[in-house]
Amino acid sequence: MKSSCVLLTALVALAAYYVYIPLPSSVSDPWKLRLLDAAFRSAQQVSNLIHYLGLSHHLLVLNFIIDSLGKKSAWSSAQVKVTDTDFDGVEVRVFEGSPKPEEPLKRSVLYIHGGGWALASAKTKNYDELCTTLAEELNAVIVSIEYRLVPKVYFPEQIHDVVRATKYFLQPEVLHKYSVDPGRIGISGDSAGGNLAAALSQQLNQDTNLKNKVKVQALIYPVLQALDFNTPSYQQNANTPILPRYVMVKYWVDYFKGNYDFVQEMIVNNHTSLDVEEAAALRAHLNWTSLLPASIKKNYKPVVQTTGNARIIQKIPQLLDVRSAPLIADQEVLRGLPKTYILTCEHDVVRDDGIMYAKRLEKAGVEVTLDHFESCFHGCVIFASWPTYFSVGIQTQNSYIKWLNQNL
Ligand SMILES: *[C@@H]1O[C@H](CO)[C@@H](O)[C@H](O)[C@H]1NC(C)=O
Ligand SMILES: *[C@@H]1O[C@H](CO)[C@@H](O)[C@H](O)[C@H]1NC(C)=O
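Note that the structure is a prediction, hence the values are computed from the model and not measured. (Residues numbered from 1 in each chain as written. Chains lettered and ligands numbered in written order. Predicted model: local features only at pLDDT ≥ 70, side-chain atom pairs only at ≥ 80, totals over all residues. Heavy atoms only, no water.)

### Concerning the site of ligand 1
So, step 1. Neighbouring residues of ligand 1: Ala-284, Asn-287, Thr-289 and Ser-290.
So, step 2. Contact distances for ligand 1 include 2.3 Å between an oxygen atom and a side-chain N or O atom of Asn-287.
So, step 3. Here an oxygen atom of ligand 1 and a side-chain polar atom of Thr-289 are 3.3 Å apart.
So, step 4. For the shell around ligand 1, the per-class residue count stands at one nonpolar, three polar and no charged. (Near = heavy atom within 4 Å. Polar contact = N/O pair within 3.5 Å; in protein donor to acceptor, adjacent residues only side chain to side chain. Nonpolar A, V, L, I, M, F, W, Y, C, P; charged D, E, K, R; others polar.)

### Some details on helix H9 (residues 245–255)
So, step 1. When you tally the buried positions in H9, you get nine out of 11 residues, the bulk of the element.
So, step 2. All buried positions along H9 are accounted for by Arg-245, Val-247, Met-248, Val-249, Tyr-251, Trp-252, Val-253, Asp-254 and Tyr-255.
So, step 3. Looking one or two places after H9, you find Lys-257, whose phi comes out positive at around 55°. (Buried < 20%, exposed > 50% of the residue type's maximum accessible area, 1.4 Å probe, protein only. Helix = DSSP H or I, 4+ residues; strand = E, 2+ residues; numbered from the N terminus.)

### Details of the side chain of Asp-371
So, step 1. Mapped onto the fold, Asp-371 is located in strand S8 (residues 368–377).
So, step 2. No salt bridge is formed by the buried Asp-371. Its closest oppositely charged neighbour is Lys-402, at 8.7 Å.
So, step 3. Within the structure, the side chain of Asp-371 is placed 2.7 Å from the side chain of Tyr-341, a separation counted as a polar contact.
So, step 4. Non-local contacts of Asp-371, meaning those with residues more than four positions away in its chain, are made with Tyr-341, Ile-342, Leu-343, Thr-344 and Ser-399. (Lys, Arg positive; Asp, Glu negative; His and termini not counted. Salt bridge = Lys/Arg side-chain N within 4 Å of Asp/Glu carboxyl O. Contact = heavy atoms within 4.5 Å.)

### Examining the sheet that holds strand S4 (residues 140–145)
So, step 1. If you trace the eight strands from one edge of the open sheet to the other, you get S1-S2-S4-S3-S5-S6-S7-S8, paired in mixed fashion. For this open sheet the edge positions go to strand S1 (80–87) and S8, each flanked by a neighbour on one side alone. Going across the sheet, the axis of each strand differs from the next one's by a mean of 20°, ignoring polarity.
So, step 2. For strand S6 (residues 216–220) and strand S7 (residues 339–347), the ladder comprises five bridges, and the chain directions are parallel. (Pairing = 2+ DSSP bridges. Axes fitted to C-alpha atoms, helices over the stretch in contact; angles between N-to-C directions.)

### As for the site of ligand 2
So, step 1. Near ligand 2 the following residues occur: Gln-264, Glu-265, Val-268, Asn-270, Thr-307 and Gly-308.
So, step 2. One nitrogen or oxygen atom from the side chain of Asn-270 is found 2.3 Å from an oxygen atom belonging to ligand 2.
So, step 3. Here an oxygen atom of ligand 2 and a backbone polar atom of Gly-308 are 3.0 Å apart.
So, step 4. Considered on its own, ligand 2 offers 360 Å² of accessible surface; in the complex 46% of this is hidden by protein.
So, step 5. A breakdown of the residues in the shell around ligand 2 according to their chemical character gives one nonpolar, four polar and one charged. (Areas by Shrake-Rupley, 256 points an atom, 1.4 Å probe, with all protein chains shown as cover.)

### Remarks on the UniProt feature "domain: Alpha/beta hydrolase fold-3" (unreviewed entry) in the chain
So, step 1. When the UniProt feature table is mapped to this numbering, "domain: Alpha/beta hydrolase fold-3" (unreviewed entry) covers residues 109–262 and 320–381.
So, step 2. Across residues 320–381, helical content stands at 27% and strand content at 31%; the span's end C-alpha atoms are separated by 29 Å. (UniProt positions renumbered as here; feature names shortened; annotations may be inferred.)

Structure follows, in structure tokens:
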């Protein structure tokens, strides 16, 4: 009896130690966030172990765990018709709001889910629910793109998939089939999906055949660059849950089929040091000392290495590719982009990617709404229902949908 008590106490202490992580006092629902983070961390550790044993790729295992927690089949309700189909060979899940006699043509959003270019699906419960809500509240047609993931395919295949599905959808006969108003189409995505959405918008903007097809882009905490992992938000949130800095850097490396050997060097910006010539011209495009407001910069100092490791860019040139890092696009590419919404969270490594992009778009003459949430963390928008319910999930989702409703 006594020994089992000791054992139990030890286990509880161990669990508490595992779950407890220090969090800034302004984070909403800190204990729920710790539990969610602990669950995600354990899933990552199990995946890494299986990878280490040589049984499977860790991202496949992690995605399997995520899938097993809830994938929804295409289930239509009275309000929203849900169908799985493919657009030019790319799988999509389409959510159609019910027809309204007074509005024969519907608005539409092409949605790109997040998950580090490697995880989740249009069928993941949380994404299925978000798209259903969008279809219902906007009375719109939502096309959730099931692009292929790492490690099945790598950059730039994910972009090719979303471009292919989008171009198929934008054809007049397809829009007609879904009763979509060609003048009221938006592109949206969260996290890595926000990265793909931003890249997609830039590509469409440069495609003269398709100009003016898209009315708005709405980017939810988008990941927009891999050149500087020491923006104030990367420094401030290096260990913040759901997406600590080293995890984000690893998603980037995986996206490019790179090698983890460089992760520690990339964290100190050795890949974009002053002696790396390829990066020199791009540095001004993400110069946060001039792009971020003082309230965000606080007392953080830029991390610019004089000498680093030129081999990193030689091995992974994709790091400097504008299709992977929409933030570094030339001003001419940004000019003419559709009206833009960017949602950012205070407790998020990629917060400043979004704030800098908003600033650069504004300078290029694009109308931008930056919707910043002080108590929120990366990923919160999809955590709006049991068992991952957060009040900030509802709050951010409502704000995003309200903007779409007013601007699309
Ligand atoms: C970044 O901006 C600061 C302040 O405007 C400026 O002094 C600095 O030269 C810029 N650096 C680069 C690389 O453009
Ligand atoms: C970054 O590069 C410098 C110069 O090559 C090197 O001395 C340093 O160890 C590197 N930093 C890391 C974290 O590897």
